[in-house]
Amino acid sequence: MKVVRWKDVAVETITDGVERQVLWGVQANLTRVSLAKGRHVSKHHHPAEQFTYVQKGSLRMVLGARDMVMNEGDFVVIPPNAEHEVWALDDSIVWDFFAPPRHDWKEGPSDYLAGR
């Protein structure tokens, strides 16, 4: 076990206005995503359960049939395989916790994060 400083975690630029940092564990991963105002995360789903926390800014999220606005300090738990998409209403910083880890991110690009 070691202490990790976020400033030391590599920043991955997905597209203009979308950056991600990932801390990998054996059973889960924690991700910090920066979304510029107006960025869209396309509709997608994955087998991991996802906990999302808005640290800064605000988002519009469509989760299944539910359309909601999330503001600073809000959490949502996204069940496994639930379809969802997000729009950044402001410049935002979002923390996502996934269990099990999103190994698909290691296998190729995350086009849905780029709005594709």
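Residues numbered from 1 in each chain as written. Predicted model: local features only at pLDDT ≥ 70, side-chain atom pairs only at ≥ 80, totals over all residues. Heavy atoms only, no water.

### Let's talk about the pattern of salt bridges
Here is the rule we go by: The rule for a salt bridge is simple: a side-chain nitrogen of Lys or Arg has to be within 4 Å of a carboxyl oxygen of Asp or Glu. We call a residue buried when its accessible area falls under 20% of the maximum for its residue type, exposed when it is over 50%, and partly exposed in between, using a 1.4 Å probe and counting protein chains only.
With the rule as written, the count across this model stands at 3 salt bridges. Linking R20 and E12 is a salt bridge whose minimum nitrogen-to-oxygen distance equals 2.9 Å. Taking the relative accessible area as the measure of exposure, R20 reaches 2% and is therefore buried.

### A short note on the packing of aromatic side chains
Put simply, the rule is: Two aromatic rings from Phe, Tyr or Trp, using only the six-membered ring of Trp, form a pair when their centres are within 6.5 Å; if the ring planes differ by under 30 degrees the pair is stacked, by over 60 it is edge-to-face, and anything between is tilted. Numbering goes from the N terminus for both helices and strands, where a helix is a DSSP run of H or I of at least four residues and a strand is a run of E of at least two.
All told, the structure shown has 4 aromatic pairs when counted by the stated rule. Both rings, one in W6 and one in W95, keep their centres 4.8 Å apart while their planes meet at 75°; by these two values the pair is edge-to-face. Taken as a pair, W6 in the segment before β1 (12-15) and W95 in strand β10 (residues 92-99) lie far apart in primary sequence, 89 residues in all. Residue class for W6 comes out partly exposed when judged on its relative accessible area of 23%. The buried category is assigned to W95, whose relative accessible area is 18%. For the ring pair Y53 and F75, a centre distance of 4.8 Å and an interplane angle of 40° mean the geometry is tilted.

### Concerning the nonpolar core
Note the following rule: To define a nonpolar core, start from buried Ala, Val, Leu, Ile, Met, Phe, Trp, Tyr and Cys residues and group those joined through side-chain atoms within 4.5 Å.
In terms of nonpolar packing, the biggest core is built from 18 residues, with L35, L59, M61, L63 and V76 touching the most fellow members. Mapped onto this core, the elements with two or more residues apiece are β3 (29-35), β6 (58-63), β7 (66-71), β8 (75-78) and β9 (84-88). Of the residues forming this core, the biggest block, 3 residues, is contributed by β6.

### Some thoughts on the pairing of β8
Walk down a regular strand and you will see the side chains alternate between the two sheet faces. Put simply, the rule is: Pairing between strands is defined by DSSP: at least two bridges between the two strands are required.
Of the two faces of β8, the one lined by V76 and I78 is fully buried and the one lined by F75 and V77 carries no buried residue. When strand β5 (residues 49-56) meets β8, the two strands line up antiparallel, connected through 4 bridges. Its bridge partner lying in β8, F51 is registered against V77.

### Some thoughts on the sheet that holds strand β4 (residues 40-44)
Counted only if it meets this: Axis geometry follows a simple rule: fit a line to the C-alpha atoms, using only the stretch in contact for helices, then measure angles between N-to-C directions, giving values from 0 to 180 degrees.
One open sheet holds the 4 strands; their spatial order is β4-β9-β6-β7, and the pairing between them is antiparallel. A single partner strand is all that each edge strand has here, and the edge strands are β4 and β7. Each strand of the sheet is rotated relative to its neighbour by a mean of 15°, with strand direction disregarded. Both β4 and β9 contribute to a ladder of 3 bridges, which runs antiparallel. Along β9, the bridge assignment pairs H44 with H84.

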